[in-house]
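Here are the chains, one letter per residue:
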Amino acid sequence: MRIGLFLLHLLALGCISAAGCAQQSDAVARSAAPSDSSDGTLDTAGIMGSARAAHTSTALPDGRVLLAGGMARGEGTAAGAEIFVAASGTFLPTGPMRTPRHSHTATILSDGKVLLTGGYSAQGEYLRSAELYDASTGTFELIGTMGSARADHLAVPLHDGRVLIIGGVSTGWTFLSSAEIYDPATTTFAPTGAMTSARESHAAVRLDDGRVLVVGGHEGRRSAIRLHSSAEIYDPSTGTFSEAGEMTIRRHKHDALLLPDGRALITGGADEHDSRGVYSSVELYDPRTRKFQAASSMRMPRYKHRGTSVVLSDGRVLLAGGATRAEVYDPQTDSSSLVEGEARLAGQFSATALLPDGRVFINGGYGADLGPQSSTWIFRPR
């Protein structure tokens, strides 16, 4: 099945153009009250070799960042790979990727290699293929295929070094409840227990005890779409998912991460109206009580920002995606403040990487009526 790459994401449920998404974020940014104190600064950085959205940004053990794939400008295109050298602020070519792809996953493995799985090809085909990037040689190598072609899925590294691949959408708009395990010792994929619900645009967090919390998402599309408030937990010791209660609201296209105190932070997303129903809401999951609880709202609504939130060295969280302004959330005070500076982010489907010196590298995304962007930014915490 062939799919128009950029329209694939923008036409879903009413966000009919990059301009529409960006205009909404810009309007909120203009109306949001300024922060009383600065939590850091956001500055523009260099320009990537390719424009990218729905790509991946992976911090490598040597301090560099691998930028891989993504929607590029123009119908039927997907970007290749390049390296950001944080020490010099420069971009260098690498690769090439075996299969340019977007809406895929990239996971750093215990040996420092990067596993890339699935996504859409440049022609809009669902991919079963996977490849490994070796930073020491700058090369990609095709490895065994997944059990299912899948895009907009999740990949979560487990404590034992294996990787859990969860859900997504497949050929013929099939929404997947299936999951599989990648074993780096054999470079093969094997099935594991299925989720209780099919999920796309979901989020997941590996908890301190090694289990994986999966929250929200949707199945179906357009008038048949059904959003989930449900959550479930994967137990690697049994290879099974079990129900884990309900979030305070239904949401998809949100983000989630693990806080230093062991709770899971879930931010933003949207309802069935997509760009017309973006959330500023936040909630927390406490694995000790096994309950979700609403937290204070963000300063700006955010969606299509999965994987862009970063825990800073002091335990606060940088919310860097899904809107034109970044903000910092403090779990100790349950409050957030906008990051000062004139720089404006691209917004949706951007990517981030935490640098060794505590700065955060933010890159790509689409917005400002420009489609996928090649712009990058650096956040410096204070």
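Notes on the structure follow. As the structure is a prediction and not an experimental result, all values here were calculated from the model.

Analysis parameters
- Residues numbered from 1 in each chain as written.
- Predicted model: local features only at pLDDT ≥ 70, side-chain atom pairs only at ≥ 80, totals over all residues.
- Heavy atoms only, no water.
- Helix = DSSP H or I, 4+ residues; strand = E, 2+ residues; numbered from the N terminus.
- Buried < 20%, exposed > 50% of the residue type's maximum accessible area, 1.4 Å probe, protein only.
- Contact = heavy atoms within 4.5 Å.
- Areas by Shrake-Rupley, 256 points an atom, 1.4 Å probe, with all protein chains shown as cover.
- Polar contact = N/O pair within 3.5 Å; in protein donor to acceptor, adjacent residues only side chain to side chain.
- Pairing = 2+ DSSP bridges.
- Axes fitted to C-alpha atoms, helices over the stretch in contact; angles between N-to-C directions.
- Core = buried A, V, L, I, M, F, W, Y, C linked by side-chain atoms within 4.5 Å.
- Phe/Tyr/Trp six-rings, centres within 6.5 Å; stacked < 30°, edge-to-face > 60°.
- Lys NZ or Arg CZ within 6 Å of the ring centre and 35° of its normal.

1. Comments concerning the overall build of the protein
Point 1. Along the protein, the regular secondary structure elements total two helices and 34 strands.
Point 2. With 382 residues in all, the protein has 59% of them scored as buried.
Point 3. Long-range pairs, those at least 24 residues apart, make up 52% of the contacts in the protein with a sequence separation of at least 6.
Point 4. Of the roughly 14400 Å² of accessible surface on the protein, a fraction of 50% belongs to carbon and sulfur atoms.

2. Brief notes about the side chain of E327
Point 1. As for its position among the elements, E327 is in strand β30 (residues 327–330).
Point 2. You can call E327 buried: its relative accessible area is 0%.
Point 3. Within the structure, E327 has its side chain in polar contact with the side chain of R302 (distance 2.9 Å).
Point 4. In this structure the side chain of E327 is engaged in a polar contact, spanning 3.0 Å, whose partner is the side chain of S336.

3. Here's the deal with the sheet that holds strand β7 (residues 105–108)
Strands pair in a sheet through their backbones, by hydrogen bonds, and they do so in one of two ways: parallel or antiparallel.
Point 1. Read from one edge to the other, the open sheet built from four strands follows the order β7-β8-β10-β11, with strand pairing classed as antiparallel. The open sheet has two edge strands with one neighbour each: β7 and β11 (139–143). Averaged over all adjacent pairs, the angle separating strand axes in this sheet is 25°, with direction ignored.
Point 2. In this sheet, β11 lies alongside strand β10 (residues 130–134) in antiparallel orientation, the contact comprising five bridges. Residue pairing across strands places L132 opposite E141, the latter belonging to β11.

4. Things to note about the nonpolar core
Soluble, globular proteins show a tendency: their nonpolar side chains are buried together.
Point 1. Counting residues in hydrophobic clusters, the biggest one holds 15 residues, and the most contacted among them are L42, L318, V339, V360, I362, W377 and F379.
Point 2. Only β33 (360–363) and β34 (373–381) provide two or more residues apiece to this core.
Point 3. Counting residues in hydrophobic clusters, the runner-up holds 14 residues, among them A203, V205, A231 and M247.

5. Some remarks on the environment of P260
Point 1. By the element assignment, P260 lies in the loop between β24 (255–258) and β25 (264–267).
Point 2. Residue P260 is classed as exposed on the basis of its relative accessible area of 59%.
Point 3. When residues no more than four places from it in sequence are discounted, the contact partners of P260 are V311 and G315.

6. Observations regarding the packing of aromatic side chains
Point 1. Using the criterion set out here, one finds ten aromatic pairs in the structure.
Point 2. On the basis of an interplanar angle of 45° and a centroid distance of 6.2 Å, the ring pair of F91 and F361 is categorised as tilted. Linking F91 in strand β5 (residues 90–93) with F361 in strand β33, this pair joins segments that are 270 residues apart in sequence.
Point 3. Residue F91 is classed as buried on the basis of its relative accessible area, which comes to 18%.
Point 4. For F361, a relative accessible area of 0% puts it in the buried group.
Point 5. Three or more aromatic residues joined by ring pairs make a cluster, and in this case those are F84, F91 and F361.
Point 6. Positioned above the aromatic ring of W173, the side-chain terminus of R221 is 4.1 Å from the ring centre.

7. Side note on the pairing of β33
Point 1. By the alternation rule, side chains of β33 split into V360 and I362 and F361 and N363, which are all buried.
Point 2. Two strands pair when backbone bridges link them, and strand β32 (residues 351–354) and β33 are joined in this way by four bridges, in the antiparallel orientation. If you follow A353 over to β33, its bridge partner there is F361.
Point 3. Inspection of the sheet shows β33 paired to β34 by four bridges, in the antiparallel sense. For V360, the partnering residue across the bridge sits in β34 and is F379.

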